[in-house]
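A closer look at the structure
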Amino acid sequence: MSGLFDVAKKAYLTARRRTTPVQMTQVAPTQMMQVHTEKVWAFAFFKDGRRIVTPRNKTLQIWDVEKRTSVGEPFEGHSDFVYSVAVSPDDRRFASGGGTGTIIVWDIDRKQMLFKLEKHTSLVRSVCFSPDGKRLASASWDKKVIIWDAETGAALSTLQSTRSSVFCVAFSPDGLKLAAGEYGTIRVWSTNNVVNILFVINAHHGFIESIVWTPDSQQLVSASHDQTIKFWDSSNGTQIGQPCTGHTHDINSLAISSDASFVATVSFDKTVRLWSTESHKQIGQQLKHTTRAFSVAISPNGELLVSGDYDGNLQFWSIEDLLSTTPETDSSYYLYLAHRSKVRLGQKLHAEALADANKVIELNPKSHLGFELKHAALRGAEHHGDAAEASTTMPPMSDDVPGPQIRQQLQQYVSLSEVEDAIRRAIHTQLENAPLRLIDTSTGRLCNRDAQINAFTESTQYKELLRSFDTHGSLQMERIQNAVAKYFSWVMLSHRWERKEPLLRDIQNTAIYNLDPVGNIVKLQKFCKIARKAGYRWAWNDTCCIDQYNNVEVQQSVNSMFVWYHYSALTIVYLSDVLPSSKSGALANSSWNTRGWTVQEFLAPKIVLFYQADWTLYLNDRSCNHKQSVSIMRELEESTGINARALADFRPGTRDAREKLQWTSNRETTLEEDIAYSLFGIFGVHLTVIYGERRQNALGRLLQEIIAHSGDITALDWVGQSSDFNSCLPAEISSYKAPPSTPPSLSEHDMQISVSTLRNIVALESASKLYTTLENLGVPRFANARLQLPCIAFPLTEVRRRPGQGEAKCFTYDVKADGLQDLQITTQDKLVRFSPAKRTRQTFLLVRPWTRYLLGLPHFAELPDIDDENSVEDDWSVPESAVEQEPVDSEQTERAFRLIVRLGQPFGALLLAQQSSGEYKRIASDNNIIAQVRDVTSVDNMMDVRALEIL
């Protein structure tokens, strides 16, 4: 032991013998790189620290930081200069904001645009991703902050400023808050409820160009044109300490180190400056540009400071060089020593690292960082007793707690604070998919998330978890995650609402077990007791765990409910009308099986148990999961029409939309809009909840989102009345009761015969031209209640109403159309009757909605797994003879003729009538309109390919 301390003491005393401060010399940038011919408005590091992305006029370019060279081709798509850029947490996407208000989200690996966001009307000055990468926030000169779904491009919320343009926006690292800077003020919202502002900070006397959060989310730092940098308590918006002053012109950009020890700023005064987050004083000397500086960032690994200026240059500065020039008399000198101690730990120079750590502690006795470094150095030298002593004398965690970079260096050394931090992260992850409120089944009290966390930290489970970690051992995240998941697991209730259900206000300030056991209070009490008996601490019931009078909370709950059920440990289905000892079939006949909301409440969870009216298990089935019960699953499959695979392992999404709509076509809801809202989770969409908009509008918005997102036109396959939202959509979901129109498909033998016949009749040039035309046809686009539908059109030439129908409610018409066989259409609408001898000015069309499946291309989601034992190698191999004998384009030719054969088969057609404005409206029919081309060899009759706009 003495050897280590002797070396440490010698190094320490050598440092102490210095009687004068470090000589102040001008630090030059390690390198400069020109990335632009104009101002460098913004740039962003990738999380790997090896690349940056910068705007270049109307394009963006990725650069290799080490080589200082561009990577790949520019990203093109903006029509104006790019002013902001942000990289997603997983380094797979980045977002850029332009001068016209357009935001583009890019896929980096595929080097292409994912989607273009166009709700802003002026320059987008700032963009940022949420810590989980699921949301994107943007700030614009149009006085708006918009929060977007980063995975779909949907606008989730628009936050309007009444004062000025918005210059910057930032999510807190814990994802719980969002801050935006404008003229003089900072507004802060909770990301769980962006309608109401948490607080407004009257921060500066000028434009606030930049804001950043400390890594622990406890402080907010702002920089302004008033030449000051200020620190704010993120819990209430009060100022912390004095402002940083020294710049002589507007401050344009701000960055914070990963360990929160200092911030960097750039200004029109042509300087870059570092500031201590503890003393708020400048660290070292100012760094100089030859022209105005506009942007700044610190690399994630903490090694580089990069600043951009008006001449299009990026200057790279070594942070080690910057901190090493800080004089010893400066109270922030310990930053360099801490940095060097960390580097020496990585080099296994434990004695030297210990000397630096002791110096850090002397300069700042409250430095948690200093003790962490000391503990790590002693542990590295295998002096565990002294390391334990250093750990026990460690002060509380403060702002100088090690950042991600230092923690990565010290990950083999675990302390109590690291365990607590790991537990906090595990809790945050666990509660991301949990309901906003839950009932504590042990006390019967309703708890929000803070109350749940407090209960955990006071529990014996928490204390046992802490004790289970030897402070000299490694951090085992799996143990922590399992303990947290077990404690915070919750049980969901699925039931039919009845009269006088207990609401949140009825139980908010009392224990449910203390309420009189009458009416539906009994149901709630029984449910919680069964959940508690099953070993679960938390339970959720939709009647009382949602504030039904809070529109924001209702909206969040509706859009999250599928996820809550999916991640629940157990879902209990209560069948209030199924009597004890009921036989099989009672579940199928239960009113629970007729309600709209209960579809997702059964499909979403992994584990489900059915209970009868007396709270005994249905059919006395005591298995741990009724989704594994053959008899119960068969009963549900037969009564709902939902296939067994979906019942057991459902996956949300817009695929197979028509089938899912048929599942719910017989369902009912108390509120008419809920027939659509109850399907949000099933289709995996997030839409605004607007009670009062009426059923047709709610269903229309949902179907519009499904078609726009997936391009799946099967949702247009219905019979009944048209919706006021769009004539191509039904007014009622019951229009999907009828099975989808699926004309019989040809066998492969018949297909081959038909193709052989066509080869002798149809010119290859005509077949290829039709195939190319349809292959290049776009996908359906649906927005603002307008559908752009790619289709093959067949103009009507004659419409005659059948005689003898009198005043019937429905009318049957004989219809002729160019290129189609004659057919009949039955509809409640009175059609204009016309013929070649008696023409009409209005245009009527029968159209075949286009789907790319007709091209015969493989659907990759349906291809067999190459490791599947059942896959047949011959299905994938090509005979050598075929390779030698067939021409290169034989496959394309084959597909062209196969397409014509498919187009010759019967198909479900839509009847459209052109309006005076040029768009079309669908004329609904009471039966599927099944049409067929008259002569499949007459390719010209199938060449009227269009994209029609339908109202």
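Scope of this entry: the structure provided in the associated data block.

Parameters and conventions
- Residues numbered from 1 in each chain as written.
- Predicted model: local features only at pLDDT ≥ 70, side-chain atom pairs only at ≥ 80, totals over all residues.
- Heavy atoms only, no water.
- Pairing = 2+ DSSP bridges.
- Helix = DSSP H or I, 4+ residues; strand = E, 2+ residues; numbered from the N terminus.
- Axes fitted to C-alpha atoms, helices over the stretch in contact; angles between N-to-C directions.
- Salt bridge = Lys/Arg side-chain N within 4 Å of Asp/Glu carboxyl O.
- Buried < 20%, exposed > 50% of the residue type's maximum accessible area, 1.4 Å probe, protein only.
- Core = buried A, V, L, I, M, F, W, Y, C linked by side-chain atoms within 4.5 Å.
- Contact = heavy atoms within 4.5 Å.
- Phe/Tyr/Trp six-rings, centres within 6.5 Å; stacked < 30°, edge-to-face > 60°.
- Lys NZ or Arg CZ within 6 Å of the ring centre and 35° of its normal.
- 1 Å grid on protein atoms, 1.4 Å probe; cavity = no way out; pocket = protein on both sides within 12 Å on 5 of 7 lines; lining within 4 Å.
- Points joined across faces, edges and corners; volume = space filled by probe spheres on them.
- Nonpolar A, V, L, I, M, F, W, Y, C, P; charged D, E, K, R; others polar.
- Parallel < 35°, antiparallel > 145°, perpendicular 65-115°, else oblique.
- Left-handed = near helix turned anticlockwise from the far one by under 90°.
- Arc of directions from axis to C-beta.

**A look at the sheet that holds strand β10 (residues 124-129)**
Pairing in this open sheet of 4 strands is antiparallel, and the strands run β10-β11-β12-β13 from one edge to the other. This sheet does not close on itself; its edge strands, each paired only once, are β10 and β13 (155-160). Across the sheet, the mean angle separating the axes of adjacent strands is 15 degrees when strand polarity is ignored. Bridge count for strand β12 (residues 144-149) against β13 is 5 bridges, and the pairing is antiparallel. Along β13, the bridge assignment pairs Val 145 with Leu 159.

**Considerations on the pattern of salt bridges**
If you walk through the whole model with that rule in mind, you get 26 salt bridges. Across the salt bridge formed by Arg 537 and Asp 440, the nearest N and O atoms sit 2.8 Å from each other. Taken together, the residues span a long stretch of sequence, with Arg 537 in the loop between α13 (520-533) and β31 (538-540) and Asp 440 in strand β28 (residues 437-440) at a distance of 97 residues. For Arg 537, a relative accessible area of 23% translates into the label partly exposed.

**Brief notes about the nonpolar core**
With 115 residues, the main nonpolar core has Ile 423, Ile 439, Trp 540, Ile 572, Phe 610, Phe 683 and Leu 716 as its most contacted residues. Residue contacts for Ile 572: discarding those within four places in its chain leaves Val 491, Met 492, Leu 493, Ser 494, Phe 527, Ile 530, Leu 609, Tyr 611 and Trp 615. Grouped together as the second largest cluster of nonpolar side chains are 43 residues, Met 751, Phe 834, Leu 846 and Leu 855 included.

**Some points on the packing of aromatic side chains**
Two aromatic rings, taken as a pair, are described by how far apart their centres are and by the angle between their planes. Taken as a whole, this structure holds 29 aromatic pairs when the rule is applied. Between Tyr 677 and Tyr 691, the aromatic rings sit 5.1 Å apart at their centres with planes inclined by 80 degrees, giving edge-to-face as the arrangement. Of the two residues, Tyr 677 sits in helix α20 (residues 674-677) while Tyr 691 sits in the loop between α21 (680-683) and α22 (695-710), which places them 14 residues apart along the sequence. Residue classification places Tyr 691 among the partly exposed residues on the basis of a relative accessible area of 36%. Site record: aromatic cluster; members linked through ring pairs are Trp 41, Tyr 83, Phe 268, Phe 294 and Tyr 310. It is Arg 51 that lies over the ring of Phe 46; its NZ or CZ is 4.1 Å from the centre.

**Focus on unusual backbone geometry**
Its identity as a non-glycine residue notwithstanding, Asn 57 has a phi of 60 degrees, on the positive side. If you trace the backbone, Asn 57 turns up in the loop between β3 (51-56) and β4 (59-64). For Asn 57, a relative accessible area of 30% corresponds to the partly exposed category. A positive phi is found at Ser 217, a non-glycine position, where the angle reads about 65 degrees. Mapped onto the elements, Ser 217 comes out in the loop between β17 (193-213) and β18 (219-224).

**Things to note about empty space enclosed by the protein**
Applying the stated criterion across every chain, the model contains 3 cavities of 30 Å³ or more. Volume-wise, the second largest cavity comes out at about 60 Å³. What lines the second largest cavity is simply Trp 592, Asn 593, Thr 598, Val 599, Phe 602, Leu 603, Leu 636, Thr 640, Ile 642, Leu 647 and Arg 667. Sorting the residues of the lining of the second largest cavity by element identifies α16 (598-603) and α17 (630-640) as the ones contributing at least two each. With 4 residues, the single largest contributor to the lining of the second largest cavity is α16. The class makeup of the residues in the lining of the second largest cavity is 7 nonpolar, 3 polar and 1 charged.

**Some points on the packing of helix α9 (residues 449-457) against helix α11 (residues 477-488)**
Closest axis-to-axis distance for the α9/α11 pair is 11 Å, and the angle between their directions is 120 degrees. On the basis of the axis angle, α9 is oblique to α11. Judged by the twist between their axes, the crossing of α9 over α11 is right-handed. For the pair α9 and α11, contact is made by Gln 452, Ile 453, Ala 455 and Phe 456 and by Val 484, Tyr 487 and Phe 488, respectively. Of the residues contributing to the contact of α9 with α11, the split by class is 6 nonpolar, 1 polar and no charged.

**Some words on α17**
Along an α-helix, residues three or four apart share an orientation, since each turn contains 3.6 residues. For α17, the complete set of buried residues consists of Ile 632, Met 633, Glu 635, Leu 636 and Thr 640. For α17, the buried positions fall inside an angular range of 160 degrees around the axis, keeping them on one side. Residues of α17 that are exposed and point more than 90 degrees away from the buried face comprise Val 630 and Glu 638. Where the residues of α17 are buried, they touch α15 (586-589), α16, β33 (608-611), α18 (644-648) and α19 (657-663).

**Overview of the packing of helix α24 (residues 764-775) against helix α26 (residues 890-903)**
α26 packs onto α24 with a crossing angle of 80 degrees between their chain directions and a minimal axis gap of 9 Å. Taken as axis vectors, α24 and α26 run roughly perpendicular relative to one another. Residues Leu 764, Ala 767, Ser 768, Leu 770, Tyr 771, Leu 774 and Glu 775 of α24 touch α26, and the partners they reach there are Gln 892, Thr 893, Arg 895, Ala 896, Phe 897, Leu 899, Ile 900 and Leu 903. Looking at the contact of α24 with α26, its residues break down into 10 nonpolar, 3 polar and 2 charged.

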